[in-house]
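Observations on the model geometry
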Amino acid sequence: MKRAIAVLSLAVIATGVLSAHPHVWIDSRVEIEVTESHIEAVRASWTFDPMFTEMIVLDYGRGYNSKYSDSEIESIREGAFENLSHYDYFTHIEIDGRSVPVDSVERFSARLNSDNFLEYSFEVALGVPIEEGENGKGLDV
């Protein structure tokens, strides 16, 4: 009986591995826009690996060394980015020890950089006031 359970477990694990989605590798950069009184926004820029880049180039009919039109960028946003809303756009923000939900993003763009890698850029609007806390401490971001 134990052997049958072990074999069944391995079969389930192997099936899960075989049907798994390929991983996507991303180089991420983040900028935080701060004024004297607010944390205004977080801007993210993602540069994708060659395989994901190729997939988007093929799926959205744009060759290399050319610029995406506004309608093509919107099509990429709808088809290859907006589904990330279910995962807070893989963007986790914590301010003063509290998690900030990322329900939406603004200013989404997609382009091929000078090395012909796909780049996404987007912004998360925050508008969080910066107040001086107890003992003169500010926010912990």
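Scroll up a little and you will see the structure.
Here is a short report on the structure shown in this document. As the structure is a computational prediction, the values presented were derived from the model and not from experiment.

1. Some words on the pattern of salt bridges
When the charged atoms of two side chains with opposite charge come close together, those side chains can pair. Going through the model one piece at a time under the given rule, you end up with nine salt bridges. The salt bridge involving Arg-77 is made with Glu-82; its shortest N-O contact spans 2.8 Å. Salt bridges here are not isolated pairs; linked through shared partners, they connect Glu-31, Glu-33, Arg-43, Arg-107 and Glu-123.

2. A few points about the packing of aromatic side chains
For the structure on display, the rule yields 12 aromatic pairs. Between Trp-46 and Phe-122 the ring centres are 5.0 Å apart and the planes differ by 85 degrees, which places this aromatic pair in the edge-to-face class. Taken together, the residues Trp-46 in strand S2 (residues 38-48) and Phe-122 in strand S6 (residues 118-129) connect sequence positions 76 residues apart. Taken individually, Trp-46 and Phe-122 each receive the classification buried, so the pair is uniform in this respect. Ring plane angle 50 degrees and centroid distance 5.2 Å describe the contact between Phe-81 and Phe-122, whose orientation is recorded as tilted. Of this pair, Phe-81 sits in the loop between helix H3 (70-80) and strand S3 (93-95) while Phe-122 sits in strand S6, and the two are 41 residues apart along the sequence. In this structure, Phe-81 and Phe-122 share a single accessibility class: buried.

Conventions we followed
Counting starts from 1 at the beginning of each chain's written sequence and moves along it residue by residue. Two thresholds apply to this predicted model, a pLDDT of at least 70 for residue-level local features and 80 or more for giving and counting side-chain atom pairs, whereas whole-chain, interface and lining totals are computed over all residues. To obtain the side-chain values, all non-hydrogen atoms of the structure were used and water was disregarded. In what follows, salt bridge is the name for a side-chain nitrogen of Lys or Arg lying within 4 Å of a carboxyl oxygen of Asp or Glu. Only Phe, Tyr and Trp rings are paired, with Trp represented by its six-membered ring, and only when their centres lie within 6.5 Å; those with planes under 30 degrees apart are stacked, over 60 edge-to-face, the remainder tilted. Each helix corresponds to a stretch of at least 4 residues labelled H or I by DSSP, and each strand to a stretch of at least 2 residues labelled E; elements are numbered beginning at the N terminus. Here the term buried applies to any residue with accessible area under 20% of the maximum for its type, exposed to any over 50%, and partly exposed to those in between, with areas from a 1.4 Å probe on protein chains only.

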